[in-house]
Amino acid sequence: MLQRMIQSVAIGCFLVFGVASQGIAADYDHTVEAKKMTFSWKIDGENLAGKLTAETDGWVGVGFNPSEKMKDANYVIGYVKKGVVTIVDEFGTTSTGHKNDTKLGGTEDVKVVGGSEEGGITTIEFSIPLKSEDKNDGNIDVTADTTVLLAYGAGRDSLKSKHKFRTTMTINLGTGEVK
Ligand code: HEM
């Protein structure tokens, strides 16, 4: 009897921790895959709820609407270090670099939803406004094509480390169609 009770408590704990480590997972309507990376999202009223996964112990990131290469894009970049999820709101200041919006006089407009780093896979979940008050974020038009940048780093949980992988896609974020 005692053994059975211990067993069910142990199973209960496993389930609770199992859910917690995944974060508060939202249901997503669309997913794109690029090499060892995925970007899933849904349009949730005035916000975009997103999830990034990549085969890395380092950072994962998505950028929207660059003017040229990385420049002028609105970035969401995050990592998980010792179980703590960090996700930041950045802006493409040059064609090969980005800075935090708050350092540019803007605001942090990313809501952290969850994240995990397990078995060499980093996952972050977040929400961003489609129309932000911050001029650096720009607007995401879900009825038109959006240039979407995806990238991940390697090894270090440092946003200063360059990507191991990066790609550019054209996506209608409303319908999920990839051009
Ligand atoms: C500190 C972090 C970063 C550094 C130092 C960096 C640096 C660079 C450099 C030097 C290039 C040009 C050479 C090349 O193609 O590899 C480049 C291109 C690119 N980067 Fe980054 N990057 C960083 C973060 C990011 C992030 C967070 C994303 C997207 C989420 C990204 C997406 C891209 C893409 C898509 C290109 C190719 C652009 C094109 O040729 O059209 N980068 N980056």
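Up top is the structure these notes are about.
Notes on the structure in this doc start here. Since we're looking at a predicted model, the values are computed, not measured. Here the residue index of a chain counts from 1 through its sequence in written order. In view of the model being predicted, local features appear only for residues whose pLDDT reaches at least 70, and side-chain atom pairs are presented and counted only at 80 or more, with totals across whole chains, interfaces and linings using the full set of residues.

**What to know about the sheet that holds strand S2 (residues 37-44)**
The criterion, for reference: When DSSP finds at least two bridges between two strands, those strands are taken to pair. Each helix is a run of H or I in the DSSP string that is no shorter than four residues. Each strand is a run of E no shorter than two, and both are numbered from the N terminus. Helix axes are fitted to C-alpha atoms over the stretch in contact, other axes to C-alpha atoms as well, and angles between N-to-C directions run from 0 to 180 degrees.
Strand order in the open sheet formed by five strands is S1-S2-S3-S9-S8, with antiparallel pairing between adjacent strands. Two strands bound the open sheet, and with one partner strand each, they are strand S1 (30-34) and strand S8 (111-118). Direction aside, the axes of adjacent strands within the sheet are offset by 15° on average. Pairing between S2 and strand S3 (residues 47-54): eight bridges, direction antiparallel. Each bridged residue has a counterpart across the sheet, and for serine 40 the counterpart in S3 is lysine 51.

**Things to note about the site of the ligand**
Applicable threshold: In this analysis, residues qualify as near a molecule or strand once their C-beta atom, positioned from backbone atoms, comes within 6 Å of it. Basically, the charged four are Asp, Glu, Lys and Arg, the nonpolar ten are Ala, Val, Leu, Ile, Met, Phe, Trp, Tyr, Cys and Pro, and anything else, Gly included, counts as polar.
Around the ligand, a shell composed of 20 residues is seen, among which Gly61, Lys69, Thr96, Ala151 and Arg166 lie nearest. When contributions to the shell around the ligand are tallied by element, the ones reaching two or more residues are strand S4 (60-64), strand S5 (74-81), strand S7 (97-100), strand S10 (145-152) and strand S11 (165-172). In terms of residue class, the shell around the ligand is made up of eight nonpolar, eight polar and four charged.

**Concerning the pairing of S3**
Note on strand geometry: in a regular strand, side chains alternate between the two faces of the sheet. Formally: The exposure label follows from counting other C-beta atoms within 10 Å of a residue's C-beta, where the C-beta atoms are placed from the backbone and the thresholds are 20 or more for buried and 12 or fewer for exposed, leaving partly exposed in between.
A large share of S3 lies buried, amounting to seven of its eight residues. Linking two consecutive strands that pair antiparallel, namely S2 and S3, is a turn of two residues; a positive phi of about 65° is found at glycine 45 within it. Sheet topology places S3 next to strand S9 (residues 121-129); eight bridges connect them, and they run antiparallel. From the neighbouring strand, alanine 49 faces S9, where its bridge partner is serine 127.

**Remarks on the sheet that holds S7**
Reading across from one edge, S7-S6-S5-S4-S10-S11 is the order of the six strands in this open sheet, with antiparallel pairing throughout. Each having just a single partner strand, S7 and S11 make up the two edges of the open sheet. Within the sheet, the average angular offset between the axes of one strand and its neighbour, ignoring direction, is 30°. By the bridge criterion, five bridges tie S4 to S10 in an arrangement that is antiparallel. Across the sheet, glycine 63 pairs through a bridge with leucine 149, a residue of S10.

**What to know about the nonpolar core**
As a reminder, the rule being used: Each nonpolar core reported here comprises buried Ala, Val, Leu, Ile, Met, Phe, Trp, Tyr and Cys residues connected via C-beta atoms within 7 Å. Whether two residues are in contact depends on their C-beta atoms, placed from the backbone: they are in contact if these lie within 7 Å.
Residues Val62, Val76, Ile87, Leu149 and Leu150 are the most contacted members of the largest nonpolar core, which totals 33 residues. For this core, the elements supplying multiple residues, two or more each, are S2, S3, S4, S5, strand S6 (84-94), S9 and S10. Contacts of valine 62, omitting those with residues within four sequence positions, involve Phe39, Gly50, Leu52, Val76, Val148, Leu149 and Leu150.

**Remarks on the environment of threonine 38**
Among the structural elements, threonine 38 can be located in strand S2. You can call threonine 38 partly exposed: it has 18 C-beta atoms within 10 Å. In this structure threonine 38 touches Thr31, Val32, Glu33 and Thr53, once residues within four positions along its chain are discounted.

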